[in-house]
Amino acid sequence: MSTASLALLIFGVCYLVIMTERIHKTIVALSGAALMIAFGVVSQDEAFYSHDFGVDYNVVFLLIGMMVIVNIIRETGLFEVLAIWAAKRAKAKPFRLMVLLAILTAVLSAMLDNVTTVLLMAPVTLSISKRLELNPISFLLCEALSSNIGGTATLVGDPPNIMIASKAELGYLEFLSVLGPIAVLIMAVFLGVMWVLFGRKMSVAPHLREAVMTLNPRDAIRDHGLLRRCLWALGGVNLGFAFHSFVHLEPATVALLGASAFMLLGHARGRSNETEEMKYLADVEWKTIFFFIGLFILVGGLVKIGAIRYLAERLVNITEGNMAGATLAVLVGSAVLSAFVDNIPYVAAMNPLIVDLARSLHPDVADYTALVHQPDIIPLWWALALGACLGGNGTIIGASANVVIVDIARQSGYHISFWQFFRLGFPVMIGSVAISAVYLWLLFLR
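Quick notes on the rules
Residues numbered from 1 in each chain as written. Predicted model: local features only at pLDDT ≥ 70, side-chain atom pairs only at ≥ 80, totals over all residues. Heavy atoms only, no water. 1 Å grid on protein atoms, 1.4 Å probe; cavity = no way out; pocket = protein on both sides within 12 Å on 5 of 7 lines; lining within 4 Å. Points joined across faces, edges and corners; volume = space filled by probe spheres on them. Helix = DSSP H or I, 4+ residues; strand = E, 2+ residues; numbered from the N terminus. Nonpolar A, V, L, I, M, F, W, Y, C, P; charged D, E, K, R; others polar. Axes fitted to C-alpha atoms, helices over the stretch in contact; angles between N-to-C directions. Parallel < 35°, antiparallel > 145°, perpendicular 65-115°, else oblique. Left-handed = near helix turned anticlockwise from the far one by under 90°. Contact = heavy atoms within 4.5 Å. Phe/Tyr/Trp six-rings, centres within 6.5 Å; stacked < 30°, edge-to-face > 60°. Buried < 20%, exposed > 50% of the residue type's maximum accessible area, 1.4 Å probe, protein only. Lys NZ or Arg CZ within 6 Å of the ring centre and 35° of its normal. Core = buried A, V, L, I, M, F, W, Y, C linked by side-chain atoms within 4.5 Å.

Draft legend 1. Quick peek at empty space enclosed by the protein. Within this structure, the stated rule accounts for one cavity of 30 Å³ or more. Here the largest cavity defines a volume of roughly 40 Å³. Contributing to the lining of the largest cavity are Phe11, Cys14, Tyr15, Ile18, Leu295, Leu298 and Ile397. Looking at the lining of the largest cavity, the elements that each hand over two or more residues are helix H1 (3–20) and helix H17 (286–304). At four residues, H1 tops the list of elements feeding residues into the lining of the largest cavity. Of the residues assigned to the lining of the largest cavity, the class counts are seven nonpolar, no polar and no charged.

Draft legend 2. Highlighting the packing of helix H7 (residues 114–132) against helix H23 (residues 400–411). Closest axis-to-axis distance for the H7/H23 pair is 9 Å, and the angle between their directions is 25 degrees. It follows from the interaxial angle that H7 and H23 lie roughly parallel. Relative to H23, the crossing made by H7 is right-handed. Note on element contacts: H23 touches H7 through Ser400, Ala401, Val404, Ile405 and Ile408, opposite Asn114, Val115, Val118, Leu119, Ala122 and Leu126. By residue class, the composition of the contact of H7 with H23 is nine nonpolar, two polar and no charged.

Draft legend 3. Highlighting the packing of aromatic side chains. Counted under the stated rule, the structure contains twelve aromatic pairs. Between Tyr15 and Phe418, the ring centres sit 6.2 Å apart and the planes meet at 85 degrees, which makes this aromatic pair edge-to-face. Of this pair, Tyr15 sits in helix H1 while Phe418 sits in helix H24 (residues 418–445), and the two are 403 residues apart along the sequence. The buried category is assigned to Tyr15, whose relative accessible area is 8%. When the ring of Phe418 is compared with that of Trp419, the centres are 5.3 Å apart and the planes differ by 75 degrees; the resulting orientation is edge-to-face. The exposure class assigned to Trp419 is partly exposed, which follows from its relative accessible area of 38%. Here a set of aromatic residues connected by ring pairs shows up, and it is made of Phe11, Tyr15, Phe340, Phe418, Trp419, Phe422 and Phe426. Sitting over the face of the ring of Phe291, Lys25 holds its NZ or CZ atom 5.7 Å from the ring centroid. When the ring centre of Phe53 is taken as origin, the NZ or CZ atom of Lys304, which lies over that ring, is 5.8 Å away.

Draft legend 4. Representation of the nonpolar core within the structure. Ranked by size, the top nonpolar core spans 159 residues in total, and within it Met36, Leu63, Leu119, Phe175, Phe190, Phe262 and Trp381 carry the most contacts. Broken down by element, this core gets its largest block of residues, twelve residues, from helix H4 (residues 57–74). For Leu63, the contacting residues outside a window of four places in its chain are Val115, Leu119, Ile289, Phe292 and Val404.

Draft legend 5. The layout of surface pockets, seen in detail. Taken as a whole, the second largest pocket encloses approximately 500 Å³ of empty space. Where the lining of the second largest pocket is concerned, the elements lending two or more residues are H4, helix H5 (78–89), H7 and H23. Here the element with the most residues in the lining of the second largest pocket is H7; it accounts for six residues. For the lining of the second largest pocket, the residue count by class is twelve nonpolar, six polar and six charged.

Have a look at this one:
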């Protein structure tokens, strides 16, 4: 059996087993990664040290850093404060609360990144759901999907947008002006769908609503001094995320610096022994971390054999020079592929293909910026961004935020299955892509 066939077989079997949920997805991903290395699809050095075929440590350490920060903030009572505030703003009406939390998630995902956002929002959601005796699963699913929609709107909201902006030489305001309006429209339609699916079925007992409305958010604070210090530190971390490109620090570095500062704050608070101090690290969701490590190596195997690039080339070539058709093919193909494989290596493969296409169509344009900004090429960049970001809503492993929020739910005793996520997420993805197709056609193609 050839190396390419072996890589496809390993990836396919692992994906099918993850879908059946007979074996925990972390075990499956690590087993598949080990087989990729053992059978020589990727070497051990490539798996652990290659930027193209191995583990993306920026994602891994961003997750670890933010999980430590969330664990320490949880002790201050801040999440309970935010939960009470949100419930009171929504007058303790379940669907109003869902809308408020979804909009907050989308806005924060546009400003930060969607993984950081769901790590901060999920504990708030679980806290208020417990007070109102609501099942939080529909809220968490709504937030996972909202995070991917919101992350589409800006250059910094989702890693694929950062990669596209670099290759296409597009700026923050250009992303916001083109992708911001469509993200708002998709979000509005999505919330309408949530009303049809969940709005009329949600109810809260009158006595629980009255009890929540009488709560004072300040009473939920457990440690005022630590909270004040944590808020300052959290503000510093968010500034670091916003300006990481200017200070030449990756988000992972910002998160680790923030986590270190938070742990020092916890130490200054006066932990009684080493075991207590190390609880911050012990409470990191290590199953999620190792799932991502395994998944990166699995997808790296597909990148190594050229499967991702092959699919990308077919998308670009399938329309034989019809740029309107190529734009829609890139949009739809990117969404479907990004639902099943990591969108970062996919975008890495697509970027140079679009540049090559621009060179073949405009051989007389020597200036690179002018080349990638040609009127017939620009729609391809926006189609790639929309497809890669919105495609993450298609499956439970289509986006990092989905994996994180599902594992947070599991920690609290709520199981979200692959198919439960798929039944909601895949139709939302299809609807989002359909709206995006009309938007791109009206804006660039008619």
